[in-house]
Amino acid sequence: TDALGDPDRFVRLAATRTIRNLPPSSKAVYALAYNLLIDGDTDLSGAAAEALEAFGPAAAEAVPALGIIIANGGGENRSWDAENRVKAMKALVSIGQPKEQMKGTEQESARIKAAAQRALPQVLSALRDSDVRVRKEATATIGELGRPADAELLIQVLAGLKSALRDEDADVRLNASEAILSIAPRKK
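Note that the structure is predicted; figures quoted are calculated from it, not measured. (Residues numbered from 1 in each chain as written. Predicted model: local features only at pLDDT ≥ 70, side-chain atom pairs only at ≥ 80, totals over all residues. Heavy atoms only, no water.)

Asks: I'd love a proper account of the environment of Leu145, names of residues and values included.
Replies: Positionally, Leu145 belongs in helix 8 (residues 132-145). Judged by relative accessible area, which is 0%, Leu145 ranks as buried. Setting aside residues no more than four positions away along its own chain, Leu145 makes contact with Leu92, Val93, Gly96, Lys113, Ala116, Gln117 and Leu120. (Helix = DSSP H or I, 4+ residues; strand = E, 2+ residues; numbered from the N terminus. Buried < 20%, exposed > 50% of the residue type's maximum accessible area, 1.4 Å probe, protein only. Contact = heavy atoms within 4.5 Å.)

Written as structure tokens, this is what we have:
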């Protein structure tokens, strides 16, 4: 974990790629999320997102940093490439979907999913991205994170997905329709 803060870029990169195979620690999650994930070096940022994805729900404290990467697509002062934004969304899904062996109580699963869903507004902004890979992953991410508990957020999510149904890319439209089916309130 200490090597994540090494001044040598290659040491940080090797540590980031190694640490994803170790049991997660709070110190490692923090270093990955708030130092390496937001680094301007795309190799470091991408490796950090992959490590957070491997940590799954144990990386829940990284959700705000993942949201920054996801929403920061070029119109801002600092932008991350499309590949790292896609990796950040995959990490977000991994955080929000505990693996079978990690599932605890129903309350714990709901808490983990709610933590990941805090980044839904940033994922919604990615639906308007110019890069089709980002839009495609954003629609898939929304569907995989499930229905938001907050009614106002659910309305925003459904409106964003309905808009994505008119996307020029067929995969984006397909992911949007599947996401709507997975989160829309069921009529009785």
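So much for the structure itself; the text now carries on.
Asks: Tell me what's going on with the packing of aromatic side chains, and back it up with residues and numbers.
Replies: Aromatic rings considered in pairs are described by the distance between their centres and by the relative angle of their planes. Counted according to the given criterion, the structure contains 1 aromatic pair. Arranged with centres 5.0 Å apart and planes meeting at 35 degrees, the rings of Tyr30 and Tyr34 form a pair that is tilted. Residue Tyr30 and its partner Tyr34 are both found in helix 2 (residues 26-36); the two are separated by 4 residues, about one turn of the helix. Judged by its relative accessible area of 47%, Tyr30 falls in the partly exposed class. The ring of Phe10 carries the charged tip of Arg9 above its face, separated from the ring centre by 4.9 Å. (Phe/Tyr/Trp six-rings, centres within 6.5 Å; stacked < 30°, edge-to-face > 60°. Lys NZ or Arg CZ within 6 Å of the ring centre and 35° of its normal.)

Asks: Describe the pattern of salt bridges, with residues and values.
Replies: Side chains that differ in charge, positive against negative, can pair when their charged atoms come close. Enumeration according to the criterion identifies 11 salt bridges in this entry. Linking Arg133 and Asp131 is a salt bridge whose minimum nitrogen-to-oxygen distance equals 2.7 Å. A residue is classified by how much of its surface remains accessible, and Arg133, at 40% relative accessible area, is partly exposed. Within this structure, Arg9, Asp41 and Asp43 form a network of salt bridges that share partners. (Salt bridge = Lys/Arg side-chain N within 4 Å of Asp/Glu carboxyl O.)

Worth remembering: the numbers are spatial, not functional.
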